Amino acid sequence: MDPVVIPMLLAALVVVFLVSSSVRVVPQARRYNIERFGRYRRTLQPGLNFVLPVADRINTKLDVREQVYSSDPRPVITEDNLVVNIDTVLYYQITDPRKAAYEVSDYLQAIDQLTVTTLRNVIGGMDLEETLTSREEINARLRSVLDDATGKWGIRVNRVEIKAIDPPHSIKEAMEKQMRAERDKRAAILHAEGERQAKILTAEGTKQKDILEAQGAQQAMILRADGEAQAVERVFQAVHRNNADPKILAYKYLETLPHLAKSDNNTFWVIPGELTEAVRTVTTAFGDKSAPGVPHAVPANEAATAAATAATAAADGQPPALDKSGAPELAAAPKPALDAVAAAVEAAKGADAAVSEAKAEAEAASSPQPQKADKAKPADE
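Residues numbered from 1 in each chain as written. Predicted model: local features only at pLDDT ≥ 70, side-chain atom pairs only at ≥ 80, totals over all residues. Heavy atoms only, no water.

Attention now moves to the overall build of the protein chain. In terms of helices and strands, the protein chain carries 12 helices and nine strands. Scored against the burial criterion, the 381 residues of the protein chain give a buried share of 26%. Sequence-distant contacts in the protein chain: of pairs separated by 6 or more residues, those separated by 24 or more amount to 61%. When the accessible surface of the protein chain is split by element, carbon and sulfur atoms take 56% of a total near 25,700 Å². (Helix = DSSP H or I, 4+ residues; strand = E, 2+ residues; numbered from the N terminus. Buried < 20%, exposed > 50% of the residue type's maximum accessible area, 1.4 Å probe, protein only. Contact = heavy atoms within 4.5 Å. Areas by Shrake-Rupley, 256 points an atom, 1.4 Å probe, with all protein chains shown as cover.)

Attention now moves to a nonpolar patch on the surface. On the surface, Val14, Phe17, Leu18 and Val54 cluster together into a nonpolar patch covering about 400 Å² of accessible area. By the element assignment, Leu18 lies in helix H1 (residues 5–22). (Patch = residues over 30% accessible without salt bridge, like charges linked within 9 Å, V, L, I, M, F, W, Y side chains within 5 Å. Salt bridge = Lys/Arg side-chain N within 4 Å of Asp/Glu carboxyl O.)

What follows concerns the packing of aromatic side chains. What the rule picks out here adds up to two aromatic pairs. The lysine or arginine in question, Lys61, covers the ring of Tyr32, its NZ or CZ lying 5.0 Å from the ring centre. It is Arg159 that lies over the ring of Tyr91; its NZ or CZ is 4.8 Å from the centre. (Phe/Tyr/Trp six-rings, centres within 6.5 Å; stacked < 30°, edge-to-face > 60°. Lys NZ or Arg CZ within 6 Å of the ring centre and 35° of its normal.)

Strand order across the open sheet formed by three strands is S3-S2-S5, with antiparallel pairing between neighbours. Every interior strand has two partners, whereas the edge strands, strand S3 (39–44) and strand S5 (56–63), have only one. Along the sheet, successive strands turn relative to each other by an average axial angle of 25°, direction set aside. Where strand S2 (residues 30–36) meets S3, five bridges bridge the pair, whose relative direction is antiparallel. Of the residues in S3, the one forming a bridge with Tyr32 is Leu44. (Pairing = 2+ DSSP bridges. Axes fitted to C-alpha atoms, helices over the stretch in contact; angles between N-to-C directions.)

This part is about the confidence of the model for the protein chain. Averaged over all residues, the pLDDT of the protein chain is 74; the fraction at 70 or higher stands at 63%. Considering only residues more than four positions removed or in separate chains, one finds that residues 314–338, a stretch of pLDDT under 50, has 33 contacts. Between residues 369–381, whose pLDDT stays under 50, and residues either more than four places distant or in other chains, the model counts zero contacts. (pLDDT = per-residue confidence, 0-100.)

As a further point, take the nonpolar core. Here is a general trend for soluble globular proteins: nonpolar side chains tend to be buried in one another's company. Counting 28 residues, the largest nonpolar core has Ile86, Leu90, Tyr107, Leu119, Ile138 and Ile155 as the members making the most contacts within it. Among the elements of the structure, strand S8 (83–94), helix H3 (107–123), helix H5 (135–150) and strand S9 (155–166) are those that each provide at least two residues to this core. Counting residues per element, this core draws most heavily on H3, at seven residues. If we skip the residues at most four places from it in the chain, Leu90 touches Gln67, Val68, Tyr69, Ile111, Thr115, Leu146, Val157, Arg159 and Val160. (Core = buried A, V, L, I, M, F, W, Y, C linked by side-chain atoms within 4.5 Å.)

Here the focus is unusual backbone geometry. In this structure, Ala29 takes a positive phi of about 65° despite not being glycine. Tracing the backbone through its elements, the reader meets Ala29 in the loop between strand S1 (23–26) and S2. When its relative accessible area of 14% is taken as the criterion, Ala29 is described as buried. Phi is positive for Asn81, which is not a glycine, with a value near 60°. The residue Asn81 is located in the loop between strand S7 (74–77) and S8 in this model.

What follows deals with the pattern of salt bridges. For the structure shown, the criterion picks out six salt bridges. In this structure, Arg57 and Glu35 form a salt bridge, with 3.1 Å as the shortest nitrogen-oxygen distance. A residue pair is termed long-range when its members are at least 10 positions apart, and Arg57 in strand S5 and Glu35 in strand S2 qualify at 22 residues. Judged by relative accessible area, Arg57 falls into the partly exposed class, the value being 47%. A salt bridge links Asp56 to Arg36; its shortest N-O distance comes to 2.5 Å. On the criterion of sequence distance, the pair formed by Asp56 in strand S5 and Arg36 in strand S2 is long-range, its members being 20 residues apart. A relative accessible area of 7% means that Asp56 is categorised as buried.

Let us look at the side chain of Thr150. You can see Thr150 is positioned in helix H5. Given the relative accessible area of 0%, Thr150 is considered buried. Among all residues touching Thr150, those that are not within four sequence positions of it are Ile111, Leu114, Ile155 and Val157.

So, about a positive patch on the surface. Where like charges cluster on the molecular surface, the positive patch consists of Lys177, Arg180, Arg183 and Arg186. Within the secondary structure, Arg186 is located in helix H6 (residues 169–242). Judged by relative accessible area, which is 46%, Arg186 ranks as partly exposed. (Lys, Arg positive; Asp, Glu negative; His and termini not counted. Charge placed at Lys NZ, Arg CZ, Asp CG, Glu CD.)

With relative accessibility at 7%, the residue Glu35 sits in the buried group. In terms of polar contacts, Glu35 uses its side chain to reach the side chain of Asn59, at 2.6 Å. (Polar contact = N/O pair within 3.5 Å; in protein donor to acceptor, adjacent residues only side chain to side chain.)

This is the structure we're talking about:
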């Protein structure tokens, strides 16, 4: 082999090595820190970059995209002396590759320890219930502290989230009992409210029903009273229009007597006091008219007996019968009815005697009064 060829091959290899060492291709979203003889020289940007072979070397390769870091559960003591384990998730981004490489030795560990320290300070001023319900406030305070502390490291903390808060097992059981009691309480309250509403609606419905029934009864009574008033008015007008005499009225009066006997207790019934007058009128109207101009009078006791007998017969649903003379004829009646007739006859006799005595006493009392008045006149003068 030619001795000149070997040195040329060696020179070519050296040139290829130097060229390849001087060219650096940086991917997108990456940053390379270059040191020249152990001192920071510059940061290579994405793309094709040239460096001095042997003199320049890459110290650190950093990813400037936003990254996620999840820490392990850390025990934290709350204000009410309860130990809870809290997991956090950190979202950060490298903004200055030189500071991230030379200002802190391990920025992930530094961020983790700073997160735990800040979290203990924040949670130490809250009780368990406030810790469980104030995640947004805790996240905001953690982000503010971490962003201020990591700014000099060339790192920006975009967001801090609490992933989980695990209280002790005994506290979990107590919380479950409390939650169950609260649910039972709400269920009892809702049940009581439902019963209350049901009772109120039932009472309102009953009230409306009673009101409507009362109004219906009132209107029915008013209509019934109006109907009876119109019926009485028409009967009254018919009587006056036809010019009915007292005989017809007395006979209609006797026709109402059967209603007195329509009762469950047929052994006793009351005869009105006007019965004798009505019987006398009817008897005069249908009596013997053989002597013109002279009415045929019937004794009161006989008239009462005849009227009572006629009423007894009419109690069985038959109208009072008239004999040939025009007066109600006697008919066979049950013993209780005959006793009632006898009592009515005796009462009529006693009433006639009492009326006669009262008239005599009234005439005797009225006759001496003018004499006493004449004797007392001179004294007054």
